[in-house]
Amino acid sequence: MSTKRHTGGTFTAVGLDIGTAHITATLAEMGRDGKPSILGMARIPSRGLRKGAVIQVDSVIADITRVVRDLESSSGAKIRAVCASINGSHISGVNSNGIVAISGREVRQIDIDRVLEAARTVAIPSEREIFHLFAQQFVVDDQDGIRQPLGISGVRLEARVHIVTGSSASAQNIVNCVNQSGLTVSDIVVAPLAAGRVVLNDEERDLGVVLLDLGAGTTSVSVFRSGAVCHTAVLPVGGHHITNDIATGLRTTPQVAETLKVTVGSASVKFVSRDDMVEVVSTQGRSLTSHPVPAQPPSLVSRATLADIIEARVQEICSLVRREIAKGVSGEIFSGGIVLVGGGSLLPGIAEVVEQLVGLPVRIGSPLNVTSTHPLVQSPQAATAVGLGVHALEAAEGGRWYGGAVGPRPMLRRVGSWLSELF
């Protein structure tokens, strides 16, 4: 199903979040009242990705095929095109300026297009490409802080923008996997920015807010100020690192460690009792040969010991986040605080620990102003998939996203798409 209008007056589109831990597909609809809703969702464990990047093509193709079939089966839709996510530590953002002379007495759309094109002319390595360009503000002569300059009189127009770039090869791998699944890519959106589209409100973006996407392979930091994106970074550490720490510290398998983290884990020792014990199946003494060895009985471990391991890694992540926020917008006040999304935001006590260590108020984010009867839609884990569906709907209708604008990307031209995104 490509994005299209049905006879009933509604648009539909499909978002495909290709994550390290899960692949999630959403079927979104824009009703005649202009409000988005999620008609269906399918979610399966992900294979073949590491830290957001494709490392096993066949596994990713199989998983995309399966999750799309699940969505088709549950919704009755025939899916042909998707708006896909991209993530990974190769994603980064940079701020840039562009200046042009106004062609007439007042700013026209052609002037806005020209100044944005001038702003996007930055030196980036040949192996990278621009995924998004967000207009932060415009300046007409000496008047700054303008969000929409159309019709304003002046002689010089300046645009201050935020440009998000990433690896062309990583994007092409996503496109290839989707194509080999029998689908086409209508658009690619950086995962945390898609999530921010549906979990942040206008007031938070205006006051200043930090969106933290705590994923399995990465932690994404997106900073918003005065209604626009002003800093983007993806850290190569996430929930899987916590799982590996548990497996190493308790001498157990990653599978057992993940179960412990999800079922009895805590982001801080403060929230558990040292007298509360859990059983852990140990790998200690297992044979590395084909000779059988006696099974090892489970050992008892305090939940506080488990929380100690988790908290150490959470502290490291928070330290990196603090550094990234300071790097992007040093000295700024973020009255909107921090909004957490992603699977890591479900860890008990995580909001309190992040608030204490980063020094900003924290809330767990879930999609806003999106209706659905599906139980997973309001989960912070679903934020990116829901955001992708909503973005695809709004792009098809010429909607706006974060107040910026960007033209078609070379990578999508190579696969036969010529898109004009309005942000």
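This text follows the structure it describes.
Residues numbered from 1 in each chain as written. Predicted model: local features only at pLDDT ≥ 70, side-chain atom pairs only at ≥ 80, totals over all residues. Heavy atoms only, no water.

Participant: What is the right way to look at the overall build of the protein in this model?
Facilitator: Looking only at helices and strands, the protein features 11 helices and 22 strands. Pairs at least 24 residues apart make up 66% of the contacts formed inside the protein by residues separated by at least 6 positions. (Helix = DSSP H or I, 4+ residues; strand = E, 2+ residues; numbered from the N terminus. Contact = heavy atoms within 4.5 Å.)

Participant: Before we go on, may I ask you to explain the nonpolar core in this structure?
Facilitator: By size, the foremost hydrophobic cluster in this structure holds 63 residues, and its most contacted members are Leu-16, Ile-18, Ile-64, Val-178 and Val-386. The residues touching Leu-16, leaving out its near neighbours within four places in the chain, are Ile-23, Thr-24, Ala-25, Ile-64, Val-67, Val-82, Cys-83, Ala-84, Ser-85, Val-178 and Leu-388. (Core = buried A, V, L, I, M, F, W, Y, C linked by side-chain atoms within 4.5 Å. Buried < 20%, exposed > 50% of the residue type's maximum accessible area, 1.4 Å probe, protein only.)

Participant: Help me understand the pairing of strand β14 (residues 219–225), please; the structure alone is not making it clear to me.
Facilitator: Every other side chain in a regular strand lies on the same face of the sheet, so the side chains alternate between the two faces. Of all 7 residues in β14, 6 are buried, a share of seventy percent or more. Across 6 bridges, strand β13 (residues 209–214) lies against β14 in antiparallel orientation. Looking at β14, one finds that Leu-212 is bridged to Val-221. Linkage of β13 to β14, two consecutive antiparallel strands, is achieved through a turn of 4 residues. When β14 meets strand β15 (residues 228–235), the two strands line up antiparallel, connected through 7 bridges. Looking across to β15, one finds that Val-221 is bridged to Ala-233. Here β14 hands over to β15 after 2 residues, with Ser-226 in that stretch at a positive phi of 55°. (Pairing = 2+ DSSP bridges.)

Participant: Honestly, helix α8 (residues 303–329) in this entry has me stumped. Any pointers?
Facilitator: An α-helix turns once every 3.6 residues. As a result, residues three or four positions apart point the same way. In a regular helix each residue adds 1.5 Å, so 27 residues correspond to 39 Å; α8 covers 38 Å between its end C-alpha atoms and thus fits that length. Residue Ser-302 occupies the N-cap position of α8, its side-chain oxygen lying 3.0 Å from the main-chain nitrogen of Ala-304. (Expected span 1.5 Å × (residues − 1). Polar contact = N/O pair within 3.5 Å; in protein donor to acceptor, adjacent residues only side chain to side chain.)

Participant: In this structure, what is going on with the pattern of salt bridges? I would like to understand it.
Facilitator: A side chain with one charge can pair with a side chain of the opposite charge if their charged atoms come near. Applying the stated criterion to the full structure yields 13 salt bridges. With its nearest N and O atoms 2.8 Å apart, the salt bridge here joins Asp-206 to Arg-147. Here the residue Asp-206 occupies a position in helix α5 (residues 202–207), and Arg-147 occupies one in the loop between β10 (143–146) and β11 (156–167), the gap between them amounting to 59 residues. A residue is classified by how much of its surface remains accessible, and Arg-147, at 49% relative accessible area, is partly exposed. Arg-303 is the salt-bridge partner of Asp-276, the closest N and O atoms lying 3.2 Å from each other. Pair noted here: Asp-276 is in the loop between α7 (254–264) and β16 (277–280) and Arg-303 is in helix α8, with a separation of 27 residues, a long-range link. In this structure, a network of salt bridges that share partners links the residues Asp-245, Arg-313 and Glu-316. (Salt bridge = Lys/Arg side-chain N within 4 Å of Asp/Glu carboxyl O.)

Participant: What is the right way to look at the side chain of Ser-302 in this model?
Facilitator: Along the polypeptide, Ser-302 turns up in strand β17 (residues 299–302). Of the polar contacts made by the side chain of Ser-302, one reaches the backbone oxygen of Arg-274; its length is 3.1 Å.

Participant: For this particular structure, what's the right way to read the environment of Asn-176?
Facilitator: Among the secondary structure elements, Asn-176 is positioned in helix α3 (residues 168–180). Judged by relative accessible area, which is 31%, Asn-176 ranks as partly exposed. Each C-alpha atom of the pair Asn-176 and Val-57 lies 8.7 Å from the other, and the pair is 119 residues apart in sequence.

Function cannot be read off these values alone, since they describe shape.
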